[in-house]
Amino acid sequence: QVHLVESGGGLVEPGGSLRLSCAASGSIFGIGAMGWYRQAPGKQRDMVAIITSGGSTAYGDSVKARFTISRDIAKNTVYLQMNTLKPEDTAVYYCYARVRVSVTAIFQDYWGQGTQVTVSS
C-alpha cells in the first residue's frame with residue numbers, strides 16, 4: 001500500500017505565497033513522475049506541475065513563471081512553491097505519484113487526499 005500525504009494548504013491573500021508538500025510512504029520500490037493537479041468547484045481536474053525522476057518539469061499554462069515544482073528523491077517528497085497567487089488559483093490541490101511497489105511490478109498512479117488552497121482578500 002502506498003500513501004501520499006499533502007500539507008501546506010490554507011488561506012492566502014492575492015499576491016501571496018504558499019508552499020505545498022507531499023510525502024509518499026509505504027511499499028515503494030521506485031517512483032517515477034510526481035506532481036500536482038488541482039480541481040476548482042464545478043471544473044475538471046487540471047495538471048498544475050509535473051516533475052520526472054530525472055528532474056524534467058512541465059507546468060500548466062496558467063501557472064508558468066509563478067509556480068515551481070521540486071522534489072527530494074531521498075525523502076520521496078514533492079514540493080510546489082506557489083508565488084503571486086491569484087483568486088483563480090483557488091482549488092483543491094492533489095498530489096500525484098507514479099509508483100512501483102516491487103521490481104516486478106508495473107508503475108501505478110496514486111493520489112493524495114487533497115489540500116484546499118483559497119486565495120482571497
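Because the structure is a prediction, the values reported are computed rather than measured.

About the cut-offs
Residues numbered from 1 in each chain as written. Predicted model: local features only at pLDDT ≥ 70, side-chain atom pairs only at ≥ 80, totals over all residues. Heavy atoms only, no water. Buried < 20%, exposed > 50% of the residue type's maximum accessible area, 1.4 Å probe, protein only. Helix = DSSP H or I, 4+ residues; strand = E, 2+ residues; numbered from the N terminus. Pairing = 2+ DSSP bridges. Axes fitted to C-alpha atoms, helices over the stretch in contact; angles between N-to-C directions. Contact = heavy atoms within 4.5 Å. Disulfide = S-S within 2.5 Å.

Here strand β8 (residues 77–82) lies mainly inside the structure; five of its six residues are buried. Here six bridges tie strand β3 (residues 18–26) to β8, and the two strands are oriented antiparallel to one another. Paired with S21 across the two strands is Y79, which belongs to β8. Two elements, strand β7 (residues 67–72) and β8, share six bridges in a ladder whose sense is antiparallel.

Moving on to the sheet that holds strand β1 (residues 2–7). With antiparallel pairing, the four strands of this open sheet are ordered in space as β1-β3-β8-β7. One side of each edge strand has no neighbouring strand; the edge strands of this open sheet are β1 and β7. For this sheet the average axis-to-axis angle between neighbouring strands, irrespective of direction, equals 15 degrees. Inspection of the sheet shows β1 paired to β3 by six bridges, in the antiparallel sense. Its bridge partner being in β3, E6 is matched across the sheet by C22.

Structurally, the position occupied by W111 is in strand β10 (residues 108–111). Residue classification places W111 among the partly exposed residues on the basis of a relative accessible area of 38%. With 65 residues separating them along the chain, W111 and D46 place their C-alpha atoms 14 Å apart. Once residues lying within four places of it in the same chain are set aside, the contact partners of W111 are L4, Y37, R45, Y94, C95 and Y96.

Summed over all chains, the structure comprises one disulfide. Here C22 pairs with C95 through a disulfide, and the sulfurs are 2.0 Å apart. With the S-S bond torsion at -85 degrees, the cross-link from C22 to C95 turns out left-handed. In this pair, C22 is assigned in strand β3 and C95 in strand β9 (residues 91–100), connecting sequence segments 73 residues apart. Judged by relative accessible area, C95 falls into the buried class, the value being 0%.

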